[in-house]
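# Observations on chain architecture
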Amino acid sequence: MKDVAVIVEIIESTIQDISYELLGKAKELASQTGGKAVAIAMGNKVDVSSLPCDTVYYIEDDALENFCSLHVKVLSKIVQEVNPKVILAGNTSIGTDLAGHIAVELNIPVASLCNKVSVNENVRATSLAYGGKLLVDLELKERGVILANRGSFTAATEGSPEVKKLSLSDIGIEADNEIEFIDYIKPEEDVDISKFDVLVSVGRGIGGEENIDDAKELAELLGGEISSSRPVVDSEWLPKSRQVGRSGKTVTPNLYLALGISGASEHLEGVKAKNVIAINTDPDAPIFRVSRIGAVIDIFDVIPVLIDKIKEIKD
Amino acid sequence: MKICAILRTVPDLVEEIEVIDDEIEPFAYIANERDEHAVEEAVILKERYGGSVDVIGIVDEDSEEEIEEPLAMALAKGADRAIKLTMSNKSYRRIEQAKALAEYFKDKDYDLILTGIQGIDAFTGMLGPMLSVYMELPFTGYVTSVEAEDGTVKVQKELGGGLLGEFRVKLPAILGIVSAEKPLRFVPLAKLRQVMKKAEIEEDELEIPEFEGVQVVKYYEPEKPEIVLLEGEPEEVADKLIEAFKEIGVL
């Protein structure tokens, strides 16, 4: 029980970036435990030959091409065989479905929303709880399943692992229909916010649909676009295409002007801006921890003045 | 469809949270936002397909009172029953809550159990997937819409980066809701007060087992990196922002 396993996330037959981040961490942890970094990948026609780790368990089958209830069954079998000390998964839609399940089934303690992990006799992890307002150091007895936030670890790039390729029949698992994949849905996009150099991004603090226009005007004046955090999309004040974060887009603008955004970790996962400037009435809002410049002031007091002043400059 | 939605309270992040080493004392509790979406989706499904919605509010002795308004809100929106389940002891471990709930759900015969995904206090795992193992039911999370189809539900699940996947899930099942398919409906305060006056909130106890595999070593505030704070009246702040925009090269 020295190995460090990574649940590789594959969507549309593509290995997701988070898997390389987890493998980077797995190699580091395995060098401390004296074990191997092991990748567990389930899919169909996926090239796993250069994954950066020591061993890849690759279970290939037509039925595993897209995520379904078979994945959790296969994973459970393989994890029992590998018997790792640590299992790393992404704190993502697929990662949480899989890891939460196998942790209980195999009776391994679990820590989620993590950005740090270390091993000694036990497993230690740091979790970004309470929307990023607090950190929690957790100790997991002997072994642990760690769900890590995107962007927490440095990605490893390439390797030449030993690949153990298996089929469903090799491991004695039959197809089932508990959860069947039907299709992918790609929402129509009015705009690709990840392509803009300036984003004026609004959060719950924008208060209502009627205030969106001011933020839009400000974005236009700065030559950018408007984006948002999840609550704004949930309330249908802006379309889904504008959402930044875990479920939305990852953006890399020169300027990310965050207006009334608290900065929960699921939002910050998508913000890779060069300069974050935040305006929020709550001085403890986590958004200020990733901002270069901040102002603790009501956005409604400052936006109209800002718009007028920029207009003056432009004239 | 016989539906159950799980509603929990979480610390109100707008208020102070006092940290005392391995414990925290929040100043106030509010309904977990994602659970409110689970309740909303449950009511949407009842309106579309008929059936019933039970909402269970899981609380401990500290958050017992704060659940009453969200439970009344669920009744005002169209839930049929509201049940307050008080945990026999305070537990931050999702696995203990999941095991206790699985026991509670025995013989309740729900077709669908909806829970919000990953509350802000979900640092020891997620209730939905854990509950599904103990109940031997299928689970999937990050769900944004549900349609019933002959003993199954067709769900849309967020996969990240704006991509959605469509899946067919055999009933009975547990789903983790990230957003209801429509925005949370507005309940006027007068109506909520009216419901609260005559609401019958049933009460029960949830026997929490012990699982010591994971424990909190300490809670603490993250370090505050250096930041340039712009202070002053709106006029001054706007001037300083413009300077910053110029320096960054966007103006």
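Conventions used here
Residues numbered from 1 in each chain as written. Chains lettered and ligands numbered in written order. Predicted model: local features only at pLDDT ≥ 70, side-chain atom pairs only at ≥ 80, totals over all residues. Domains from an automatic or database assignment. Contact = placed C-beta atoms within 7 Å. Nonpolar A, V, L, I, M, F, W, Y, C, P; charged D, E, K, R; others polar. Buried ≥ 20, exposed ≤ 12 C-beta atoms within 10 Å, placed from the backbone. Helix = DSSP H or I, 4+ residues; strand = E, 2+ residues; numbered from the N terminus. Pairing = 2+ DSSP bridges. Core = buried A, V, L, I, M, F, W, Y, C linked by C-beta atoms within 7 Å.

### Some thoughts on the domain arrangement of chain A
Note on interface size: it is often stated as the accessible area lost on association of the parts. All names here are of chain A. Per the domain assignment, the segments of chain A are domain 1 (4-166) and domain 2 (193-314). Summarising the inter-unit geometry, the C-alpha centres of domain 1 and domain 2 are found 33 Å apart. Taken together, the contact pairs eight residues of domain 1 with nine residues of domain 2. Per-class residue counts for the side of domain 1 that touches domain 2 are two nonpolar, four polar and two charged.

### Some points on the pairing of strand 16 (residues 275-279) of chain A
Residue and element names in this part refer to chain A. Summarising burial for strand 16: four of the five residues are buried, a large majority. The pairing of strand 15 (residues 255-259) with strand 16 spans five bridges and is classified as parallel. By the bridge assignment, Leu259 is partnered in strand 16 with Ile279. As paired strands, strand 16 and strand 17 (residues 293-295) are joined by three bridges and run parallel to one another. Bridging from a neighbouring strand, Ala278 pairs with Gly294 of strand 17.

### Some words on the nonpolar core
Ranked by size, the top nonpolar core spans 135 residues in total, and within it A:Ile40, A:Ile146 and B:Ala5 carry the most contacts. For B:Ala5, the residues in contact, after removing those within four places along its chain, are B:Ala38, B:Val39, B:Ala42, B:Val53, B:Val55 and B:Leu114. Ranked by size, the runner-up nonpolar core spans 47 residues in total, among them A:Ile193, A:Leu218, A:Ile279 and A:Ile310.

### A closer look at the pairing of strand 6 (residues 86-90) of chain A
Strand residues, when the strand is regular, have side chains that alternate between the two faces of the sheet. All names here are of chain A. Of all the five residues making up strand 6, five are buried; the element is thus mostly covered by neighbouring parts of the structure. The alternating pattern of strand 6 places Val86, Leu88 and Gly90 on one face and Ile87 and Ala89 on the opposite face, and all of these are buried. Bridge count between strand 1 (residues 4-7) and strand 6: three bridges; the pairing is parallel. Its bridge partner being in strand 6, Ala5 is matched across the sheet by Ile87. Taken together, the five bridges between strand 6 and strand 10 (residues 144-148) define a ladder with parallel strand orientation.

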